[in-house]
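Remarks on the overall topology
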Amino acid sequence: MYKLLIRPLLFLFDPESIHHFTFNFLKLVCQLPGIKLLLTRFYVVQEKSLQRTLFGITFSNPVGLAAGFDKDAKLIDELACFGFGFIEIGTLTPIAQPGNEKPRLFRLPADGGLVNRMGFNNGGVSAAVGRLKKRKSQVIVGGNIGKNKITPNESAFDDYAKCFEALYPYVDYFVVNVSSPNKPGLRELQVNEPLK
């Protein structure tokens, strides 16, 4: 059904619009009584053999949702109903930024993939913290942090520190993003001295 009907319909629209549509649809559907419980019963598997302990954190299973889908921590409780062992939010920056100009998300149908050139679009770390304070699920949450585009590399540490301090009470682990190929100069931070 997906390949014959749903996928061709989705492919009539640009991928970023479909991402936002799916995001809003999931938020809306999960507000209906009993839907979160139904999803949880269908998708969440509590099996001790799936548990993994890394860096002192016990994950219910090794399958997680990578950063980029829920950049701003808007769907933590809804996504937790799908049985993820962890959900990584971000990349978050100290202040909100729009990211790269559109189009910035491109389908590769022959490869079954997408090219992401979003550029750390997010609503800022403070807004995400406000939502994290209200979350109800116990899913492991990782904080993916980055620097703002306008911040020179010499001051990058300050941006990472601001995000770290703001998120520290609300996430279980951190990812320091220094690898985006579409953020000018960001990869310069990968060499030993800047990274230290």
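Residues numbered from 1 in each chain as written. Predicted model: local features only at pLDDT ≥ 70, side-chain atom pairs only at ≥ 80, totals over all residues. Heavy atoms only, no water.

**Quick notes on the overall build of the chain**
This is how it is decided: Runs of H or I in DSSP of at least four residues are treated as helices and runs of E of at least two as strands, each being numbered from the N terminus. We take the radius of gyration over the C-alpha atoms and set the globule estimate at 2.2 Å times the residue count to the 0.38 power. A simple rule labels every residue: compare its accessible area, found with a 1.4 Å probe on the protein chains alone, to the largest value its type can have, and call it buried under 20%, exposed over 50%, or partly exposed in between. Note on definitions: a residue-residue contact is assigned when non-hydrogen atoms from the two residues lie within 4.5 Å. Per-residue and other accessible areas were derived by the Shrake-Rupley procedure at a 1.4 Å probe size, with only the shown protein chains allowed to occlude residues. Counted as positive: Lys and Arg. Counted as negative: Asp and Glu, with His and the chain ends omitted from the count. Lysine's charge is taken at NZ, arginine's at CZ, aspartate's at CG and glutamate's at CD.
When you go through the chain residue by residue, the secondary structure sums to seven helices and eight strands. A compact globule built from 196 residues should have a C-alpha radius of gyration of about 16 Å, and the chain, at 18 Å, falls within 12% of that. Structurally, the chain occupies a C-alpha span of about 50 × 40 × 30 Å along its principal axes. Taking all 196 residues of the chain together, the buried fraction comes to 38%. In the chain, once contacts between residues fewer than 6 apart in sequence are set aside, the share between residues at least 24 apart is 64%. Approximately 12,200 Å² of the chain is accessible, and the part contributed by carbon and sulfur atoms is 61%. With 24 positive and 17 negative side-chain charges, the chain shows a separation of 6 Å between the mean positions of the two kinds.

**Re the pairing of strand S7 (residues 140-145)**
As a reminder, the rule being used: Strand pairing follows a simple DSSP-based rule, namely that at least 2 bridges must link the two strands.
Burial of S7 is extensive: six of the six residues sit out of reach of the surface. Of the two faces of S7, the one carrying Ile140, Gly142 and Asn144 and the one carrying Val141, Gly143 and Ile145 are both buried. Relative to S7, strand S4 (residues 86-92) runs parallel, the two being bridged by six bridges. Across the sheet, Glu88 pairs through a bridge with Gly142, a residue of S7.

**Side note on the nonpolar core**
Soluble globular proteins: nonpolar side chains tend toward being buried together. What counts here: Among the buried residues, those of types Ala, Val, Leu, Ile, Met, Phe, Trp, Tyr and Cys that are joined through side-chain atoms within 4.5 Å form a nonpolar core.
Ile76, Ile89, Leu132, Val141 and Leu167 are the most contacted members of the largest nonpolar core, which totals 28 residues. Among the elements of the structure, helix H2 (15-29), helix H4 (76-80), S4, helix H5 (125-132), S7 and helix H6 (156-167) are those that each provide at least two residues to this core. Residues in contact with Val141, not counting those within four places in the same chain, are Ile76, Ile87, Ile89, Leu132, Arg135, Val171, Asp172 and Tyr173. Ile57, Phe59, Ile140 and Tyr173 belong to the second-largest nonpolar core, a separate cluster that totals five residues.

**Quick notes on the pairing of strand S8 (residues 173-176)**
Here is the rule: With strands facing away from the observer, any crossover in which the path from the first strand over the helix to the second runs clockwise is taken as right-handed.
Direction of pairing for S7 relative to S8: parallel, over a ladder of four bridges. When the sheet's bridge partners are listed, Ile145 is paired in S8 with Val176. For the crossover that starts at S7, traverses H6 and ends in the parallel S8, the hand is right-handed.

**Looking at the packing of H5 against H6**
Counted only if it meets this: Helix axes use the C-alpha atoms of the stretch in contact, all axes being lines fitted to C-alpha atoms, and the angles between their N-to-C directions lie in the range 0 to 180 degrees. The cut-offs work like this: below 35 degrees is roughly parallel, past 145 is roughly antiparallel, 65 to 115 is roughly perpendicular, and the gaps in between are oblique. Should the near helix be turned counterclockwise from the far one by less than a right angle, the crossing is left-handed, whereas a clockwise turn marks it as right-handed. Here the term charged refers only to Asp, Glu, Lys and Arg, the term nonpolar to Ala, Val, Leu, Ile, Met, Phe, Trp, Tyr, Cys and Pro, and the term polar to all other amino acids, Gly among them.
Between H5 and H6, the least distance of the axes is 10 Å, while the angle of their chain directions is 15 degrees. The angle between H5 and H6 falls in the class roughly parallel. Seen along the crossing, H5 lies across H6 with a hand that is right-handed. Mapping the contact onto sequence places Val125, Val129 and Leu132 in H5 and Cys163, Ala166 and Leu167 in H6. A per-class count over the contact of H5 with H6 returns six nonpolar, no polar and no charged.

**Some details on the sheet that holds S4**
Judged by pairing direction, the sheet is parallel, and its four strands sit side by side in the order S3-S4-S7-S8 without closing on themselves. Lying at the two open borders of the sheet, with one neighbouring strand each, are strand S3 (64-65) and S8. Sitting on the sheet, H6 is in contact with S4, S7 and S8, with an inclination near 160 degrees to S7.

**Observations concerning the side chain of Thr91**
Heads up, the condition is: Whenever a nitrogen or oxygen atom comes within 3.5 Å of another N or O atom, the pair is scored as a polar contact, on the condition that within protein one atom can donate a hydrogen and the other can accept it, and that pairs from neighbouring residues in sequence are kept only if both atoms are in side chains.
Here Thr91 shows up in strand S4. Thr91 gets classed as buried once you look at its relative accessible area, which sits at 5%. For Thr91, the side chain forms a polar contact with the side chain of Asn144, separated by 2.6 Å. Looking at Thr91, its side chain comes within polar contact range of the side chain of Asn177, at 2.8 Å.

**As for the environment of Ile89**
With respect to the helices and strands, Ile89 occurs in strand S4. With relative accessibility at 0%, the residue Ile89 sits in the buried group. Along the primary structure Ile89 and Val176 are separated by 87 residues, whereas in three dimensions their C-alpha atoms are 12 Å apart.

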